Amino acid sequence: MSKLGVESAFVVLARAKELERQGKSIIHCEIGQPDFDTPVHIKESAKKALDEGFTGYTPSNGILELRKAIAEFVSESRGIDVSPDQVVVTVGAKLAIFAALMAFVNPGDEVIIPMPAYPSYEAVTEFVGGIVKPVVLREEREFSPSGEEIANAVTDKTKVIVINTPCNPTGGIYRREDLEAIVEVAKEHDLWIISDEIYEDIIFDGRKHESVLSIPGAEERSVMISGFSKTFAMTGWRLGYAVAPKEVADYITKIQLNTVSCPVSFAQKAAIDAIKGPWDEIKKMVKEYEERRDLLYREINEIPGFSMIKPVGTFYAFPNIKKFGVKSSEFADMLLEEAGVALLPGTAFGAPGEGYLRISFATSKENLKEAVNRIKAFVEEKFPNIS
Ligand SMILES: Cc1ncc(COP(=O)(O)O)c(C=O)c1O
């Protein structure tokens, strides 16, 4: 069987559930899934589609009305002119990531991935026989990769640069000038860019999402991936999308056709209403994430030995625990077993995540306060000399 990694979040969740079955109390900060329900008007729209009998196969690239709505949304938010032909609605953003890497990477080709990174990029690259060239995301640069760092990773085998902003797991966003420099590198070496922007709407402090597609010369060499899971609290609906040059969009469609045929019919109808709004519920969710971010930022930095820069987007905090001199995976295991807090080691996102933990704040403030209290009590007992 070909090598294929798995997301640690699911493994940790299973372990945490087992501990709960044994009667232990666990605070869940491991999973990257909004703790909100899908807004009512979106659910109503799916119900209506079902009642109207919209229950058959759809075109493999998604229904035209949804592709039009996505094309409009992406065109407006990026200041470009995307046509519905360039849009493929996929079964989750994950399928878009898989298909885009399949499209570009042949055995022996190199894929540059700023890391720590969402685990699928590495898993799928290796699955298709590609070679991962990590570029370490550094805390000193707020986890934004410089053009120089990316350029230094390029060889004559490089095919693709994968970027992700806002970034899971760091909570950082890529600086505009870094994105511009990455596009320059891609142009110079004739590379593809896969830009995962699934957290584009979960962004704080009044900041605006910077998309690679808004940079001149990027659109013709990029696959932009986004979706409904995070913004609209629709993880279980399995709906994402890719925006790409038409021939690449057609290839992604073929992969979808030969694997899952098409995205779920009535979910697509609901997605039209999701994207068209109203967005009031989304704004409320983002405000709540921001308040939780503030709480964690304040409280985590009070824990001896922990330090954390402020996440600017996503619902992840990425504290630095290097002072403890303990491997991230061991530290995360101890927190689960001894403190009853489930979270992920930074290394769940590749070796460059060593020295960090990922705390998902897609859970209530009460839970987060309790998690912080437990971590603090654990540190004070186990590491009394740390400051
Ligand atoms: C960066 C990133 N990309 C893609 C996905 C997958 O999204 P979807 O649920 O649409 O497949 C996730 C989910 O955690 C993610 O964090």
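Up top is the structure these notes are about.
Visitor: Explain the pattern of salt bridges here, please?
Guide: Any two side chains of opposite charge can pair, so long as their charged atoms come close to each other. A complete count under the given rule lists 30 salt bridges for this structure. When the shortest N-O distance is used, the salt bridge between Arg138 and Glu140 registers 3.3 Å. Residue classification places Arg138 among the partly exposed residues on the basis of a relative accessible area of 34%. Asp178 is the partner of Arg141 in a salt bridge, and the nearest nitrogen-oxygen pair spans 3.0 Å. Placement of Arg141 in the loop between strand E4 (131-136) and helix H6 (147-153) and of Asp178 in helix H7 (residues 176-189) is noted, with a sequence separation of 37 residues between them. Asp178 shares its class with Arg141; the two are buried. One network of salt bridges, with partners in common, ties together Asp35, Lys287, Glu288, Glu291, Arg292 and Lys365.

Visitor: So what exactly am I meant to see when it comes to the sheet that holds E4 here?
Guide: Sheet strands pair by backbone hydrogen bonding; their relative direction is either parallel or antiparallel. The seven strands lie next to each other as E2-E8-E7-E6-E5-E3-E4, forming an open sheet whose pairing is mixed. Since the sheet does not close on itself, it has two edges, and those belong to strand E2 (87-90) and E4, each with one partner. Averaged over neighbouring strand pairs, the angle between their axes works out to 20° when direction is ignored. Judged from the six bridges that link them, strand E3 (residues 110-115) and E4 form a sheet pairing that is parallel. The partner of Met115 across the bridge, within E4, is Val136. Along the sheet, helix H8 (residues 246-259) makes contact with E2, strand E6 (192-196), strand E7 (222-227) and strand E8 (240-243), crossing E2 at roughly 25°.

Visitor: Is there a simple way to explain the site of the ligand in this structure?
Guide: Neighbouring residues of the ligand: 14 residues in total, closest Ala93, Asp196, Ser229, Lys230 and Arg238. Interatomic distance of 2.7 Å between a side-chain N/O atom of Tyr199 and an oxygen atom of the ligand. Out of a free accessible area of 400 Å², the ligand has 94% covered by protein chains. The residue makeup of the shell around the ligand, split by class, is six nonpolar, four polar and four charged.

Visitor: Got a minute to help me understand the packing of helix H3 (residues 64-78) against helix H9 (residues 265-276) in this structure?
Guide: When two helices pack together, their arrangement is captured by the angle between the axes and the distance separating the axes. Where H3 meets H9, the axes come as close as 9 Å, and the angle between the chain directions of the two elements is 25°. One element, H3, and the other, H9, form an angle in the roughly parallel class. The element H3 and its partner H9 pack so that their crossing is left-handed. Contacts between H3 and H9 pair Glu65, Leu66, Ala69, Ile70 and Phe73 from the former with Gln268, Lys269, Ala271, Ile272, Ile275 and Lys276 from the latter.

Visitor: What is the right way to read the sheet that holds strand E11 (residues 344-345) from this model?
Guide: Spatial strand order, E9-E12-E11: three strands in an open sheet with antiparallel pairing. Edge positions in the sheet fall to strand E9 (316-317) and E11, since each has one partner strand and no second.

Visitor: Please explain helix H1 (residues 8-21) as it appears in this structure.
Guide: Since there are 3.6 residues in each turn of an α-helix, residues three or four apart along the chain are aligned in direction. Between its first and last C-alpha atoms H1 spans 20 Å; for 14 residues at 1.5 Å apiece the expected length is 20 Å, and the two agree. Every buried residue belonging to H1 is among Ala9, Val12, Ala16 and Leu19, and all of these are buried. The buried residues of H1 occupy one face: seen down the axis, they fall within an arc of 85°. When the buried face of H1 is taken as reference, the exposed residues oriented beyond 90 degrees from it are Phe10 and Arg21. Against strand E1 (27-28), helix H11 (328-339), strand E10 (341-342) and E11 lie the buried residues of H1. Residue Gly23 follows H1 closely and has a positive phi angle near 100°.

Rules used in this analysis
- Residues numbered from 1 in each chain as written.
- Predicted model: local features only at pLDDT ≥ 70, side-chain atom pairs only at ≥ 80, totals over all residues.
- Heavy atoms only, no water.
- Salt bridge = Lys/Arg side-chain N within 4 Å of Asp/Glu carboxyl O.
- Buried < 20%, exposed > 50% of the residue type's maximum accessible area, 1.4 Å probe, protein only.
- Helix = DSSP H or I, 4+ residues; strand = E, 2+ residues; numbered from the N terminus.
- Pairing = 2+ DSSP bridges.
- Axes fitted to C-alpha atoms, helices over the stretch in contact; angles between N-to-C directions.
- Contact = heavy atoms within 4.5 Å.
- Near = heavy atom within 4 Å.
- Polar contact = N/O pair within 3.5 Å; in protein donor to acceptor, adjacent residues only side chain to side chain.
- Areas by Shrake-Rupley, 256 points an atom, 1.4 Å probe, with all protein chains shown as cover.
- Nonpolar A, V, L, I, M, F, W, Y, C, P; charged D, E, K, R; others polar.
- Parallel < 35°, antiparallel > 145°, perpendicular 65-115°, else oblique.
- Left-handed = near helix turned anticlockwise from the far one by under 90°.
- Expected span 1.5 Å × (residues − 1).
- Arc of directions from axis to C-beta.

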